[in-house]
Amino acid sequence: RKLEAIYYPPDGRIYAYVDIVNYTDLYYPASYSAEIGAYSSPDGFTNWSYHGIVVARGPKGGWDGGGLASPGAAVALDGSVVVGFAAENSPGGGINRGIEVAIAPHPLGPFVKQTTPIADPHTICGGTARCDDVIMQSRPGGELHIYHSVKGSGVGKHDRDGIRHR
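Since we're looking at a predicted model, the values are computed, not measured.

## Let's talk about the side chain of Glu35
Relative to the assigned elements, Glu35 resides in strand 3 (residues 35–41). For the buried Glu35, no salt bridge exists, and the shortest N-O distance to an oppositely charged side chain is 4.0 Å, to Arg57. At a separation of 3.0 Å, a polar atom in the side chain of Glu35 contacts the main-chain amide nitrogen of Arg57. If we ignore the near neighbours within four places in the chain, the residues touching Glu35 are Val18, Asp19, Ile20, Ile53, Val55, Ala56, Arg57 and Leu68.

Right, dumping it as structure tokens:
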């Protein structure tokens, strides 16, 4: 459903992060029960190789146990790779979806999820709200920016629908 590609300077390859949804999944294709897979190419046009799941959903019952989706990615100044994504508790989609990041020393991992979501599924992304559509950007000087949508939020007058930047 979504992919984001990065150029990785240390090896000169293009890496793409994508939603991988098992077609036998009960909720396929409208599900967030996906996980994040990775592909690479020497030039971004040809000879793509699939490398498997690089960021898996969390344990059942956990806030990201329902699945991951909408990955964004960026390369940090130190060469590490940051992947941001929407994660949720329910594989059927819907409420309590948050935004999380995972960091790895290489585009293929191993990725380590951060323990605290950057957009909490119990505040701005909770209730009837949905946080989604992650886009990331690395800027000269080492800054990483992450953008995500908020849809249906009624948390507070300043936390309504729109795009969030972190």
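Here the narrative resumes.
## Points about the sheet that holds strand 11 (residues 162–165)
Taken in spatial order, the three strands of this open sheet run 9-10-11, and their pairing is antiparallel. Every interior strand has two partners, whereas the edge strands, strand 9 (130–138) and strand 11, have only one. The average angle at which neighbouring strand axes cross in this sheet is 25°, direction not considered. Note that strand 9 and strand 10 (residues 144–151) share seven bridges and pair antiparallel. By the bridge assignment for strand 10, Ser138 is matched with Leu144.

## Side note on the packing of aromatic side chains
Scanning the entire structure with this criterion turns up three aromatic pairs. Between Tyr8 and Tyr15, the ring centres sit 6.1 Å apart and the planes meet at 85°, which makes this aromatic pair edge-to-face. Geometrically, the ring pair formed by Tyr17 and Phe111 is edge-to-face, given 6.2 Å between the ring centres and 85° between the ring planes. With Tyr17 in strand 2 (residues 13–20) and Phe111 in the loop between strand 7 (97–104) and strand 8 (112–113), this pair connects stretches of sequence that are 94 residues apart. When sorted by exposure, Tyr17 lands in the same class as Phe111, which is buried.

## A few points about the confidence of the model for the protein
On average, residues of the protein score 82 in pLDDT, and 83% of them are at 70 or above. Summarising per-element confidence for the protein, the mean pLDDT is lowest in strand 11 (76) and highest in strand 4 (residues 49–55) (97).

## Thoughts on the sheet that holds strand 7
Across the sheet, which stays open at both edges, the four strands sit in the order 5-6-7-8 with antiparallel pairing between neighbours. In this open sheet, the two strands that pair with only one neighbour each are strand 5 (67–75) and strand 8. Judged from the two bridges that link them, strand 7 and strand 8 form a sheet pairing that is antiparallel. Counterpart to Ile103 in the pairing with strand 8 is Val112.

## Considering the pattern of salt bridges
Under the defined criterion, the tally for this structure stands at one salt bridge. In this structure, Asp64 engages Lys113 in a salt bridge whose closest nitrogen and oxygen atoms are separated by 2.9 Å. Of this pair, Asp64 sits in the loop between strand 4 and strand 5 while Lys113 is found in strand 8, placing the two residues 49 residues apart along the sequence. For Lys113, a relative accessible area of 24% corresponds to the partly exposed category.

## Things to note about the environment of Asp64
Given a relative accessible area of 7%, Asp64 falls into the buried group. Separated by 23 residues in sequence, Asp64 and Ala87 place their C-alpha atoms 4.8 Å apart. Each residue touching Asp64, except ones within four places of it in the same chain, is listed here: Arg57, Gly58, Pro59, Ala87, Glu88, Glu100 and Lys113. Here the side chain of Asp64 touches Lys113 through a polar contact of 2.9 Å, side chain to side chain.

Quick notes on the rules
- Residues numbered from 1 in each chain as written.
- Predicted model: local features only at pLDDT ≥ 70, side-chain atom pairs only at ≥ 80, totals over all residues.
- Heavy atoms only, no water.
- Helix = DSSP H or I, 4+ residues; strand = E, 2+ residues; numbered from the N terminus.
- Buried < 20%, exposed > 50% of the residue type's maximum accessible area, 1.4 Å probe, protein only.
- Lys, Arg positive; Asp, Glu negative; His and termini not counted.
- Salt bridge = Lys/Arg side-chain N within 4 Å of Asp/Glu carboxyl O.
- Polar contact = N/O pair within 3.5 Å; in protein donor to acceptor, adjacent residues only side chain to side chain.
- Contact = heavy atoms within 4.5 Å.
- Pairing = 2+ DSSP bridges.
- Axes fitted to C-alpha atoms, helices over the stretch in contact; angles between N-to-C directions.
- Phe/Tyr/Trp six-rings, centres within 6.5 Å; stacked < 30°, edge-to-face > 60°.
- pLDDT = per-residue confidence, 0-100.

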